[in-house]
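One-letter residues, chain by chain:
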Amino acid sequence: SAVISQKPSRDICQRGTSLTIQCQVDSQVTMMFWYRQQPGQSLTLIATANQGSEATYESGFVIDKFPISRPNLTFSTLTVSNMSPEDSSIYLCSVAGTIDTEAFFGQGTRLTVV
Amino acid sequence: GNSVTQMEGPVTLSEEAFLTINCTYTATGYPSLFWYVQYPGEGLQLLLKATKADDKGSNKGFEATYRKETTSFHLEKGSVQVSDSAVYFCALRRSGNQFYFGTGTSLTVIP
């Protein structure tokens, strides 16, 4: 299993500003993912964070809005840039190993943009 | 493509009632299947999993059987408790990296 520490757990931000969310894992992992979960909704994959290279973004998400870093196999950051109230959501970091294994999740970052 | 269809909620049950949450999937090949639980204000926790046809995953009194013939992975519990109140997500992982999640089913158990 993997233990994931995600910070901050919640924040209230002004529109037009940016917030960086950190994800620290207690072991080296192959795959790291960033999800968005809007209130009462399921998870939407934003991107897969790749170690040593650019993240792989899903349709509807772009690097300028959600830049991601992954400097090593245990750490990643997601920045939500130039925020608007529509960005208010829970952002979740997730990791997974090789095929057939489960994903593990951080406790999430609850973001409110005012 | 790959997708998960999950029974819509919310579901409200009395304590000690029987629970079933339906989940069906569409996938090429042989995915691994998972049930996750999300308690208020927390991230998702793995509840159980099955990696091949006819496998039964079980944990904390919950069970689900991987049925390839019906492409289903229904979650069941014989006697729910108030502490089981949460949102439950069915998910699959294809041979690859991406996970696909259902829409979630909110369960409330009343004493």
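Coordinates for the structure precede this section.
Parameters and conventions
Residues numbered from 1 in each chain as written. Chains lettered and ligands numbered in written order. Predicted model: local features only at pLDDT ≥ 70, side-chain atom pairs only at ≥ 80, totals over all residues. Heavy atoms only, no water. Helix = DSSP H or I, 4+ residues; strand = E, 2+ residues; numbered from the N terminus. Polar contact = N/O pair within 3.5 Å; in protein donor to acceptor, adjacent residues only side chain to side chain. Contact = heavy atoms within 4.5 Å. Buried area = accessible area lost by both parts, 1.4 Å probe. Salt bridge = Lys/Arg side-chain N within 4 Å of Asp/Glu carboxyl O.

Q: How should I be thinking about the side chain of arginine 93 of chain B in this particular structure?
A: Note that arginine 93 of chain B resides in strand S10 (residues 86–93). At a separation of 3.0 Å, a polar atom in the side chain of arginine 93 of chain B contacts the main-chain carbonyl oxygen of glycine 97 of chain A.

Q: How should the interface of chain A and chain B be read in this particular structure?
A: One frequently used descriptor of interface size is the decrease in accessible area upon assembly of the parts. In this assembly, 22 residues from chain A lie in contact with 21 residues from chain B. Carbon and sulfur atoms supply 54% of the area that chain A and chain B bury against each other, a total of about 1,600 Å² over both sides. Linking chain A with chain B are 1 salt bridge, by the criterion used here. Close ionic contact of lysine 49 of chain B with glutamate 102 of chain A constitutes a salt bridge, the shortest N to O distance being 2.7 Å. Where chain A touches chain B, the interface holds 7 residue pairs in polar contact (both at pLDDT 80 or more). Sorting the residues of the side of chain A that touches chain B by element identifies strand S4 (31–37), strand S5 (43–49), strand S9 (89–96) and strand S10 (103–105) of chain A as the ones contributing at least two each.

Q: What should I look at first to understand unusual backbone geometry in this one?
A: Working note: non-glycine residues mostly have negative phi, and peptide bonds are mostly trans. A cis amide bond links lysine 7 of chain A with the next residue in sequence, proline 8 of chain A, at an omega value of -5°. Residue position: proline 8 of chain A is located in the loop between strand S1 (4–7) and strand S2 (10–13). The amide bond that connects glycine 9 of chain B to the next residue, proline 10 of chain B, takes the cis arrangement and shows omega of -5°. Within the element layout of this structure, proline 10 of chain B appears in the loop between strand S1 (3–6) and strand S2 (11–14). At asparagine 82 of chain A, a position not held by glycine, the phi torsion is positive, near 45°.

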